[in-house]
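Here is what each chain is made of, one letter per residue.
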Amino acid sequence: MLRLEKRPQPSQLWMVLSPIIAVFLTMIVGGIMFAILGKPPFEAIKVIFWDPLFNDQFAAYSRPQLLVKAGPLILIAIGLSIGFKAGIWNIGAEGQYIMGAICGAGAGLAFYPSESFLIFPAMVLAGGLGGWAWAMVPAVLKTRFGTNEILVSLMLTYVAQSILISVSSGLLRNPEGMGFPGSRNFKQWDAAFNAELIANTGLHWGVVTALIAVIGAYLLMSRHIMGFNIRLTGEAPRAARFSGVKPARVVFFCLGIAGLLAGAAGLFEVTGPAGQLTGSFNAGYGFTAIIVAFLGRLHPVGILLAGLLMALTYIGGELAQLMLGLPGAAIQLFQGMMLFFLLAADVFTNFRLRFGKKGVA
Amino acid sequence: MNDVLLGLEGLTKAYPGVVANDDVSFDIREGEIHALLGENGAGKSTLVKMIYGLVKPDSGTMTLRGAAFEPAEPRAARAAGVAMVFQHFSLFDALSVAENVALGMENPPKPRDLARQIREVSETYGLPLDPGRTVGTLSAGERQRVEIIRCLLQDPKLLIMDEPTSVLTPQEVEILFETLRKLASEGTAILYISHKLEEIRSLCDHATILRLGKKVATCTPAEASARELAEMMVGASFETPQKADRPLGEVMLDVRGLSLPAPGAFGTPLREISFQVRAGEVLGLGGVAGNGQDELLAALSGERTTGADVIRLRDQPIGNMGPTERRALGVLSGPEERLGHAAAPDMSLVENAVLTGADRMGLLSGGFINWPKSKGFAEDVIRTFDVRTPGSGTAARALSGGNLQKFVIGREVLQSPEVLIVNQPTWGVDAAAAAAIRQALLNLAANGAALVVISQDLDELMEVSDRFGALNEGRLSDLRPVDGLTVEEIGLMMGGAHDMEVAHVDA
């Protein structure tokens, strides 16, 4: 008989191995799924994972897209991972991302058409603060009234979405847009445009910020006492209180930093790749970042790699829809499978498989 | 001579890396009280689990009244007439006594019949218990009665009791012994597991002593001295901690009228606790588990804060300070629960050293953790307190309970506290290591620290304390010098025998 036995300590090998195994299992099962849909499985896997980077025809367009898509995913996932380490489940990053974009864009548009070089930094700041403020709502409710941050942050995402639709067709609508919904296009306003820093790489300020966030989060979590307290809170809340950690401070810090980074990501997106605030500029990065955070083992370097991988499946997925006519839902299923298999493979980090009858120690 | 009830022949059970039982043979006779004696890790638990069907022996045989006895699971053991009262109760707080009893039965009778049966058994054996009460409201002694009655309703031939007295006051212990003697006189055999020698000498007919998984001897405990039994158990003589004569200094810790509401539905409120501890003094606080020990430690460590003036350190109010600020001033503590409270299970020993040592040991610079220095501190603790671990990078939960206990106490002791509060400092630690921990505590006091030792082990408190007090339902008794204190007096301070009655032996 098969049974699971708890390991005395988590296996380092499996920590690294399980994402890799998850990706391979996703390829196999995804391939089977594509085959059932009547598409060539190997071709489909190749289109998703290989063509975006190395196909002669598409790579020139899709390679820069890798950083464009990975940037916000990494930035948001880094913020989320810090909270997840503390057992604070902020799943409303999408809302914080939207609010960041609205606040940042709004702050910038208030000064239109100024060409001051301060415009863009001020917009980034306002964007970060917007996300931060939106994340403070679940933080205050949790620390004051003991509400569940999962529900509150998720619900606030829908509120943010409604606000987005409202302002993009109302308050922040382009007065010269001939009545179409959507803000002014930031690509046509140099002072606010989040342009590519190096041509044809996809590298914009958001990606740079994401890389800084990776390094910052690494230092915070592995070197700083605040990061230590965050991990302690997640692993043993009673021990954290005994150590002197104030739980409310951890809640405010974790939700705050997640909101800040998500808000900044929203601003970078709206002033860069998206170009303008519309009712649907947000591409669901806030939710996908949850998968990225877990796929990256909640570790900054892991998140960097996971963000790139997830971006690849996005681009490859679009390519597969285009080239092979795969339905969009199949691609989403494919991405979801990755998290699914990761969680399954993760069991072996803490447990090992044993044959034979159960013995009680 | 009585007939053999349960015969054990060559029982052996090995786990990876350790032989828990090695060729153990002895007999338990009908109607006898048989002690199983040994240190932590001597193999008592494994042996009992084999009898109760929780563990299958690698080799060896058991016979029950001459017939082969190979219980595949506890249910089979219970059907054959073996019942067991575990050290840690398996009761549901939110259910009533009768509901808890019914949960443990194969075919529970109708609730009304069951309530009647519970009353009958509890009357007969002097274990008064209201079947309708919620278990969460019961004291530890009463909970134990629920477990015992659950067993007695099965009409067992052999009753196994695992360290039953650790949660009882001395008076309650006497009453329990009366119950057990009555059971034995009616023909029920009792296998009594303990490491308390005096108890065994007064209660048990025979004793089997285990050391490192092997049977060392079977003897008649009444004929051996406690010292002889201890040496058989430990295999060597060890040094009893020495209290040094020391002058008492100024008042270090001054607690006045400490009252706190219960932290949860089944916690204990603290009521008007006042005491002072001087430099160089050890204050021992006894009491049955669940009478406010955890709550008192939380209030003294700073996990729960009070009015500033309620707790003073050298006349400085500290009652409103959290654990970090108190540590900075020299007030350190060690909670009872090692895993999850004193230490984070999945974190390494180095990280667990940072848990309380960060500020005091200077492990931080500008908020950043100096990992090499932290490792040095952790290894210092490991070396000084002989913590058996593969290394300082090992996760806390991979250590045995006793070794982790040495680590968490050592971590505080090496930070040279001015005031140290510990709860159950030697819980689950073997005799030699316990002696070392107690000696370390006494050394701290000798160097001028003020200590509060909360413990349920009266022998330990007598060994280390200068003054003794008992916690009872969140109140602290008057404090008395330990010299000249008798066991009866201590028992009364602990709340006496609550509402227990002696078994109607002649009924």
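Residues numbered from 1 in each chain as written. Chains lettered and ligands numbered in written order. Predicted model: local features only at pLDDT ≥ 70, side-chain atom pairs only at ≥ 80, totals over all residues. Heavy atoms only, no water.

- As named in an unreviewed UniProt entry, chain B is Nucleoside ABC transporter ATP-binding protein, taken from Primorskyibacter flagellatus.
- Per UniProt, chain B has the following entry under Subcellular location (unreviewed entry): "Cell membrane". (UniProt positions renumbered as here; feature names shortened; annotations may be inferred.)

- Under an unreviewed UniProt entry, the name given to chain A is Nucleoside ABC transporter membrane protein, and the source organism is Primorskyibacter flagellatus.
- Quoted verbatim from the Subcellular location (unreviewed entry) heading of the UniProt record, the comment on chain A is "Cell membrane".

Considering the domain arrangement of chain B
Residues and elements named next belong to chain B.
Then step 1. Assigned domains within chain B: domain 1 (4-234) and domain 2 (251-493).
Then step 2. Relative to domain 2, the C-alpha centre of domain 1 lies at a distance of 32 Å.
Then step 3. It is Asn40, Pro170 and Gln171 in domain 1 that bury the most area against domain 2; as a group they hold 37% of the surface buried on that side.
Then step 4. Our enumeration of links across domain 1 and domain 2 arrives at zero salt bridges.
Then step 5. For the pair domain 1 and domain 2, the number of links is zero residue pairs in polar contact (both at pLDDT 80 or more). (Domains from an automatic or database assignment. Buried area = accessible area lost by both parts, 1.4 Å probe. Salt bridge = Lys/Arg side-chain N within 4 Å of Asp/Glu carboxyl O. Polar contact = N/O pair within 3.5 Å; in protein donor to acceptor, adjacent residues only side chain to side chain.)

Quick notes on the packing of aromatic side chains
Then step 1. All told, the structure shown has 17 aromatic pairs over all chains when counted by the stated rule.
Then step 2. Ring geometry for Trp89 of chain A against Phe294 of chain A: centres 6.3 Å apart, planes inclined by 15°, an arrangement best described as stacked. Here Phe294 of chain A lies in helix 12 (residues 285-295) and Trp89 of chain A lies in the loop between helix 4 (59-85) and helix 5 (93-109), a separation of 205 residues in the sequence.
Then step 3. Assessed through its relative accessible area of 33%, Trp89 of chain A is described here as partly exposed.
Then step 4. We classify Phe294 of chain A as partly exposed; its relative accessible area is 24%.
Then step 5. When the centroid spacing of 6.1 Å and the interplanar angle of 80° are considered together, the rings of Phe177 of chain B and Tyr192 of chain B count as edge-to-face. Taken together, the residues Phe177 of chain B in helix 6 (residues 170-185) and Tyr192 of chain B in strand 8 (residues 189-194) connect sequence positions 15 residues apart. We note that Phe177 of chain B, like Tyr192 of chain B, is buried. (Phe/Tyr/Trp six-rings, centres within 6.5 Å; stacked < 30°, edge-to-face > 60°. Helix = DSSP H or I, 4+ residues; strand = E, 2+ residues; numbered from the N terminus. Buried < 20%, exposed > 50% of the residue type's maximum accessible area, 1.4 Å probe, protein only.)

Considerations on the interface of chain B and chain A
Then step 1. At the interface, 37 residues of chain B touch 24 residues of chain A.
Then step 2. Here chain B and chain A share an interface that buries about 2,500 Å² over both sides, 59% of which is from carbon and sulfur atoms.
Then step 3. Along the contact surface separating chain B from chain A lie one salt bridge.
Then step 4. Measuring nitrogen to oxygen at the nearest pair gives 2.5 Å for the salt bridge that ties Glu351 of chain B to Arg231 of chain A.
Then step 5. If you look at where chain B meets chain A, you find ten residue pairs in polar contact (both at pLDDT 80 or more).
Then step 6. Residue assignment for the side of chain B that touches chain A shows that the elements contributing at least two residues are helix 10 (323-329), helix 11 (349-357), strand 18 (368-369) and helix 13 (401-413) of chain B.
Then step 7. A per-element tally of the side of chain B that touches chain A places helix 11 of chain B first, with four residues.
Then step 8. Looking at side-chain class alone, the side of chain B that touches chain A contains 19 nonpolar, nine polar and nine charged residues. (Contact = heavy atoms within 4.5 Å. Nonpolar A, V, L, I, M, F, W, Y, C, P; charged D, E, K, R; others polar.)

Some details on helix 13 of chain B
Then step 1. Taking 1.5 Å as the rise per residue, helix 13 of chain B with 13 residues should run 18 Å; its terminal C-alpha atoms sit 18 Å apart, in good agreement.
Then step 2. Among the 13 residues that make up helix 13 of chain B, twelve are buried, leaving the element largely enclosed by the rest of the structure.
Then step 3. All of the buried residues along helix 13 of chain B are Gly402, Asn403, Leu404, Gln405, Lys406, Phe407, Val408, Ile409, Gly410, Arg411, Glu412 and Val413 of chain B.
Then step 4. Among the structural elements, helix 10 (237-243) of chain A together with strand 16 (331-334), helix 11, helix 12 (371-384), strand 19 (419-423) and helix 14 (431-446) of chain B are those in contact with the buried residues of helix 13 of chain B. (Expected span 1.5 Å × (residues − 1).)

A closer look at the packing of helix 4 of chain A against helix 12 of chain A
All names here are of chain A.
Then step 1. Contact geometry for helix 4 and helix 12: axes closest at 7 Å, N-to-C directions at 65°. With respect to each other, helix 4 and helix 12 are oriented roughly perpendicular. Where helix 4 crosses over helix 12, the two elements pack in a sense that is right-handed. Together, Val68, Lys69, Pro72, Leu73, Ile76, Ala77, Leu80, Ser81 and Phe84 of helix 4 and Tyr285, Gly286, Thr288, Ala289, Ile290, Val292, Ala293 and Phe294 of helix 12 make up the contact between the two elements.
Then step 2. Of the residues assigned to the contact of helix 4 with helix 12, the class counts are 13 nonpolar, three polar and one charged. (Axes fitted to C-alpha atoms, helices over the stretch in contact; angles between N-to-C directions. Parallel < 35°, antiparallel > 145°, perpendicular 65-115°, else oblique. Left-handed = near helix turned anticlockwise from the far one by under 90°.)

Remarks on the sheet that holds strand 12 (residues 270-278) of chain B
All names here are of chain B.
Then step 1. In space, the four strands of this open sheet follow the order 12-11-14-15, with antiparallel pairing throughout. Whereas interior strands pair on both sides, the edge strands pair on one side only; in this sheet they are strand 12 and strand 15 (316-317).
Then step 2. Relative to strand 12, strand 11 (residues 251-260) runs antiparallel, the two sharing six bridges. For Val255, the partnering residue across the bridge sits in strand 12 and is Phe275. (Pairing = 2+ DSSP bridges.)

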